[in-house]
Amino acid sequence: MKTRTIKVDYLARVEGEGALYVKARGDHVEDVKLKIFEPPRFFEAFLRGRDFREAPDITARICGICPIAYQMGAVHAMESICNVMIDPRIRLLRRLIYCGEWIESHVLHIYMLHLPDFLGYPDAIQMAKDHPEAVQRALRMKKIGNGIMTLLGGREIHPINVRVGGFYKTPTRRELSSLTDDLKWGLEAAIVTVKLVSTLNFQNFEQDYEFVCLRHPDEYPLNEGSLVSNKGIDCPISQYDANLIEEHVAHSTALQTTVKGRGSAHLGPMARYSLNYDQLTPLAKNAAVNAGLEKTCRNPFKSIIVRAVEVVFAFEEALRIIKEYDQPPCPAVDVKPRAGTGYGCTEAPRGICYHRYTIDDAGIIRDAKIVSPTAVNQKTIEGDLRYFIEPNLHLPDEKLKWECEQAIRNYYPCISCSAHFLKLNIERA
Amino acid sequence: MRAPKKPKLAVWKFASCDGCQLSLLDCEDELLAVAGAIDIAYFPEASRAMVKGPYDLSLVEGSITTPHDAERIHQIRRQSKFLVTIGACATSGGIQALRNFKNVREFTSLVYASPEFISTLDKSTPISGHIKVDFELHGCPISKEQLLEVISAYLNGRKPNTPSHALCIECKRAGIVCVMVAHGTPCLGPVTHAGCGVICPQYDRGCYGCFGPKETPNAHSLAASLAGAGWSKDEIMRVFRTYNAEAPAFRKASTSHED
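Being a predicted model, the structure only gives us computed values, none of them experimental.

Points about the packing of helix H3 (residues 67-82) of chain A against helix H4 (residues 88-119) of chain A
All names here are of chain A. It is the contact of H3 with H4, at a shortest axis distance of 9 Å, that shows an interaxial angle of 155°. Taken together, the axis directions place H3 and H4 in an arrangement best described as roughly antiparallel. Handedness of the crossing formed by H3 with H4: left-handed. The residues of H4 that touch H3, namely those facing Pro-67, Ile-68, Ala-69, Met-72, Val-75, His-76 and Glu-79, are Arg-94, Ile-97, Tyr-98 and Glu-101.

Okay, here's the thing in structure tokens:
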């Protein structure tokens, strides 16, 4: 029987460097590899010996697209070790800056990286020639998300204002209110976005995933919550390592994350949405209903709709926070180091991002573990590809290649987050 | 040099966080205008259309950390008429150059279970350590205004206006109260390359040097004043050993404070 090999040597419209390798014999897929050739950067190693207060600035550099996820994981872990209580107003500001990151990152993905696949363009700039209104809307929405990050963080990439204990400086009420008009426009634009993406043509493809995300009793999860799944996980984040384990798989060179005793974990918008539907803000829920989304979404191609619903949520939540905001008297609480181990786990746009640190009495980091969401989703993506490709093997190579790329981009894999990256042996084709 | 009518732009990535190339997509107000003036021929982060070289303008992000990348950068140089490095990784080796002060094999086994599969060099080095670079843009991340300035200068055949003096000068010009003089907050402003728009001091924080050393910095003298303010040797070593640790002036300042 003839063997067919499909290769995408350099995956486009993802963050970082990756490639895809598929081997099929007849109508059977023999091997699927999502290859990561992002060079290792050794964050966990060089964090050892650094001061605990340096962690938010250093870990931000893991990813230029979601630096807040890393900063928040780090500050929460350090604050839990040092046993400090954070002013609830600071907590809200952290939620607000995270809304900014969700908006910026989700809109980038929806319009500039994912939508071109559905509409048949190589990129958003080509797409802008036929759909100028959509691309201009996207750019303005993204700018508003970045505007939140810039006001609260000083800049949108690697913000400088986040610190263990709070912020260096908090905004005045008036400064925050200056965002209101833009956010109101953004909320409308987000609702339009949900409508737009709900009319796309979707592959009929569903999987029985184990969704893993955070859940908080009072709100849609961003910074805090317990670790939950639809197949039985329900524990504090300090139990992460007991539930999600990295294993050395004999047939490959990879360390892969699996749910203990089960299979791969699916992180990100579909997991959050399906396990926290009841916590969505009113307009976000409404938008989901109007888009025809069920309360659980298992079709990864429809993640574009779920992402858009989360953008509605993020705008709505940002408006609520700004309306309620009252400037705290101190931008940060003083944090004195004490020896111990602490955990941070927050909802990055692509799914939970886990941090564990051990520090000594002087505040020096002795051990660090960071797991990026894409490192966990990698196995889920490979699983999707295996099931997705087999019934589509009749397609010509070029078409199948593009479809596979799209199946990968469903997860918006952020390969630069190489804090803990796997499969690093470079196979030269 | 004068740019051709619609020059071809390529954006390349080495070891990095993707943030500096993202800056181009973050130019929300200018992106479509840029795409009108320059043909974005190769930019995998944004497009699956990859037009073959040669390219008129290449933007290079990231540092060299693998044997494969050390070869790849030469191919890129051969295909590029004008090559600009963007950001701290590409101009000074970036945060991943912290390995340069340690044993990389130890690092590998700390992070990865099967170190034998990891292909990596002992040091993270800037692009200019491997090829001729036509222009360097500083910052972790770069400033998007400076990125637009570089592209615009290239299109108009002039030299980019990105001053190499100290952040202090930018800060004084902006009329910001000195955090070091007024509040005693340690600040790397006197030795740091300008260009960020003076963000940290406006947020009541001292500069932490993410734009790397300015032209002719006196890091030794700043280190002495930090010591005078009660900083330990270790703290001084660390403050110079971050995102531009491999930049010669900062390397010298940090190694002279090693125990």
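Considering the interface of chain A and chain B
Contacts between chain A and chain B engage 70 residues on the former and 62 residues on the latter. With both chains or domains summed, chain A and chain B bury close to 5800 Å², and 61% of this area falls on carbon and sulfur atoms. The tally of links between chain A and chain B comes to eight salt bridges. A:Asp51 is paired through a salt bridge with B:Arg238; the nearest N and O atoms lie 4.0 Å apart. Here chain A and chain B share 28 residue pairs in polar contact (both at pLDDT 80 or more) between them. Top contributing element to the side of chain A that touches chain B by residue count: helix H6 (residues 132-153) of chain A, with nine residues. Each residue belonging to the side of chain A that touches chain B can be placed in one class, and the counts come to 33 nonpolar, 14 polar and 23 charged.

Topic: the packing of H6(A) against helix H8 (residues 180-198) of chain A
Residues and elements named next belong to chain A. Where H6 meets H8, the axes come as close as 10 Å, and the angle between the chain directions of the two elements is 135°. Relative to H8, the element H6 lies oblique. Relative to H8, the crossing made by H6 is left-handed. Side by side, H6 and H8 meet where Arg-137, Arg-140, Met-141, Ile-144 and Ile-148 of the first sit next to Asp-182, Leu-183, Trp-185, Gly-186, Ala-189, Ala-190, Val-192, Thr-193 and Leu-196 of the second. Residue composition of the contact of H6 with H8, by class: nine nonpolar, two polar and three charged.

Details of the domain arrangement of chain B
Residue and element names in this part refer to chain B. The domain architecture assigned to chain B consists of domain 1 (8-155) and domain 2 (167-255). With centres defined by C-alpha atoms, the gap from domain 1 to domain 2 works out at 25 Å. Taken together, the contact pairs 16 residues of domain 1 with 16 residues of domain 2. In this assembly, domain 1 packs against domain 2 so that about 1300 Å² is buried in total across both faces, 61% of it on carbon and sulfur atoms. Counting every contact that joins domain 1 to domain 2 gives zero salt bridges.

Rules behind the numbers
- Residues numbered from 1 in each chain as written.
- Chains lettered and ligands numbered in written order.
- Predicted model: local features only at pLDDT ≥ 70, side-chain atom pairs only at ≥ 80, totals over all residues.
- Heavy atoms only, no water.
- Axes fitted to C-alpha atoms, helices over the stretch in contact; angles between N-to-C directions.
- Helix = DSSP H or I, 4+ residues; strand = E, 2+ residues; numbered from the N terminus.
- Parallel < 35°, antiparallel > 145°, perpendicular 65-115°, else oblique.
- Left-handed = near helix turned anticlockwise from the far one by under 90°.
- Contact = heavy atoms within 4.5 Å.
- Buried area = accessible area lost by both parts, 1.4 Å probe.
- Salt bridge = Lys/Arg side-chain N within 4 Å of Asp/Glu carboxyl O.
- Polar contact = N/O pair within 3.5 Å; in protein donor to acceptor, adjacent residues only side chain to side chain.
- Nonpolar A, V, L, I, M, F, W, Y, C, P; charged D, E, K, R; others polar.
- Domains from an automatic or database assignment.

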